[in-house]
Amino acid sequence: GAVVSQHPSRVICKSGTSVKIECRSLDFQATTMFWYRQFPKQSLMLMATSNEGSKATYEQGVEKDKFLINHASLTLSTLTVTSAHPEDSSFYICSARDSPLETQYFGPGTRLLVL
Amino acid sequence: AQSVTQLGSHVSVSEGALVLLRCNYSSSVPPYLFWYVQYPNQGLQLLLKYTAGATLVKGINGFEAEFKKSETSFHLTKPSAHMSDAAEYFCAVSAGGTSYGKLTFGQGTILTVHP
């Protein structure tokens, strides 16, 4: 199957700092990428849909100014958590859609811990 | 709107026994259905998907699922469990309309395999 990478896999930062997470589709072009958040022992919650060359679409309740998404190319989307706080600590997972196969391929996730 | 319900947050089987993980969905349009597996601290791996055509879908690692429209179900099965199958499994639905391409996940089912 298609491969999606995320970097970094784990990050620890101080409260108030910003953290950037990269999501790359390695062997296919993805016009659409998705960002999810997963709390311990819970399912994935869709945060936003990232479309190449246009603004991201955020789900209800997700602060767009806090979670900045950029999809500058067909193989790269970035999520920046701005002014991170301890409650932002979570597992962030991206996926890339391999249109027209309509399948989302997931990255390995990024564990964020805000102290 | 679309939704997914996975019956049973935990399923425990003996090695060699049948695995049955239940998934029911709700969708106002013909759905695409997916099963993903997640190992600890990792992203999601696609097991199988139904988009159209044959209702019995075979996936990786010996898993299969059957789409039953009349029952709005997409249960995941494997004839003989292996220790390496122990993981968390997520059923997801993707539909058209305003939710085009977005995945809605079930709550997840943790599968434990006993020797």
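Since we're looking at a predicted model, the values are computed, not measured.

**Looking at the overall build of chain B**
- Along its length, chain B carries zero helices and 11 strands.
- Rg of the C-alpha trace for chain B: 14 Å, near the compact-globule value of 13 Å for 115 residues, within the 12% margin.
- For chain B, the C-alpha atoms occupy an extent of roughly 45 × 30 × 20 Å along the three principal directions.
- Here chain B holds 115 residues, and the buried ones make up 43% of them.
- At a minimum sequence separation of 6, the contacts of chain B that also span at least 24 residues come to 57%.
- Summed over its atoms, the accessible surface of chain B is roughly 5400 Å², and 54% of this surface lies on carbon and sulfur atoms.
- Treating the 7 positive side-chain charges of chain B as one cloud and the 6 negative ones as another, the clouds have centres 10 Å apart.

**Details of the environment of Ala81 of chain B**
Residue and element names in this part refer to chain B.
- Relative to the elements of secondary structure, Ala81 occurs in the loop between β8 (73–78) and β9 (87–94).
- Put simply, Ala81 and Phe105 are 24 residues apart on the chain and 24 Å apart in space, counted from C-alpha to C-alpha.
- Setting aside residues no more than four positions away along its own chain, Ala81 makes contact with Val13, Ser14, Glu15, Gly16, Ala17, Val19 and Val113.

**Brief notes about the sheet that holds strand β3 (residues 19–25) of chain A**
All names here are of chain A.
- Spatial strand order, β1-β3-β8-β7: four strands in an open sheet with antiparallel pairing. Two strands close off the open sheet at either side, each with one partner strand: β1 (4–7) and β7 (67–73). Across this sheet, the average inter-strand angle for adjacent strands is 15 degrees, counted without regard to direction.

**Re the pattern of salt bridges**
All names here are of chain A.
- For the structure shown, the criterion picks out five salt bridges over all chains.
- In this structure, Lys66 engages Asp88 in a salt bridge whose closest nitrogen and oxygen atoms are separated by 2.9 Å. Pair noted here: Lys66 is in the loop between β6 (57–58) and β7 and Asp88 is in the loop between β8 (76–81) and β9 (90–97), with a separation of 22 residues, a long-range link.
- The class for Lys66 is buried, based on a relative accessible area of 11%.
- With a relative accessible area of 5%, Asp88 lands in the buried category.

**A look at the environment of Pro30 of chain B**
- With respect to the helices, strands and loops of the structure, Pro30 of chain B is situated in the loop between β3 (19–27) and β4 (32–38).
- A sequence separation of 63 residues divides Pro30 of chain B from Val93 of chain B, and the C-alpha atoms of the two residues are 10.0 Å apart.

**Observations concerning the side chain of Asp85 of chain B**
- Within the secondary structure layout, Asp85 of chain B lies in the loop between β8 and β9.
- When near neighbours in sequence (up to four residues on either side) are disregarded, Asp85 of chain B contacts Phe63, Lys78, Ser80, Leu111 and Val113 of chain B.

**As for the interface of chain A and chain B**
- In this complex, chain A contributes 20 residues to the contact, which on the side of chain B involves 18 residues.
- Here chain A packs against chain B, burying approximately 1600 Å² in sum over the two surfaces, 51% of which is carbon and sulfur.
- Counting the surface chain A buries against chain B, the share from its top three residues, Ser43, Glu102 and Phe106 of chain A, is 31%.
- Joining chain A to chain B, the criterion identifies one salt bridge.
- With a shortest N-O distance of 2.8 Å, Glu59 of chain A and Lys102 of chain B are connected by a salt bridge.
- Listed by contribution, the elements that provide at least two residues to the side of chain A that touches chain B are β4 (32–38), β5 (44–51), β9 and β10 (104–106) of chain A.
- Its residues assigned to classes, the side of chain A that touches chain B comprises nine nonpolar, seven polar and four charged.

**Describing the state of the cysteines**
- In the structure shown here, the tally under the stated rule is two disulfides over all chains.
- Disulfide pairing places Cys23 of chain B opposite Cys91 of chain B at an S-S distance of 1.9 Å. Every disulfide takes its handedness from the sign of the S-S torsion; for Cys23 of chain B and Cys91 of chain B that torsion is -60 degrees, giving left-handed. Remark: Cys91 of chain B occurs in strand β9 and Cys23 of chain B occurs in strand β3; sequence separation between them is 68 residues. Neither Cys23 of chain B nor Cys91 of chain B differs from the other in exposure class; each is buried.
- Cys94 of chain A provides the cysteine sulfur closest to Cys13 of chain A, a residue in no disulfide bond, and the two sulfurs are 18 Å apart.

Conventions adopted
Residues numbered from 1 in each chain as written. Chains lettered and ligands numbered in written order. Predicted model: local features only at pLDDT ≥ 70, side-chain atom pairs only at ≥ 80, totals over all residues. Heavy atoms only, no water. Helix = DSSP H or I, 4+ residues; strand = E, 2+ residues; numbered from the N terminus. Rg over C-alpha atoms; globule rule 2.2 N^0.38 Å. Buried < 20%, exposed > 50% of the residue type's maximum accessible area, 1.4 Å probe, protein only. Contact = heavy atoms within 4.5 Å. Areas by Shrake-Rupley, 256 points an atom, 1.4 Å probe, with all protein chains shown as cover. Lys, Arg positive; Asp, Glu negative; His and termini not counted. Charge placed at Lys NZ, Arg CZ, Asp CG, Glu CD. Pairing = 2+ DSSP bridges. Axes fitted to C-alpha atoms, helices over the stretch in contact; angles between N-to-C directions. Salt bridge = Lys/Arg side-chain N within 4 Å of Asp/Glu carboxyl O. Buried area = accessible area lost by both parts, 1.4 Å probe. Nonpolar A, V, L, I, M, F, W, Y, C, P; charged D, E, K, R; others polar. Disulfide = S-S within 2.5 Å.

Function cannot be read off these values alone, since they describe shape.
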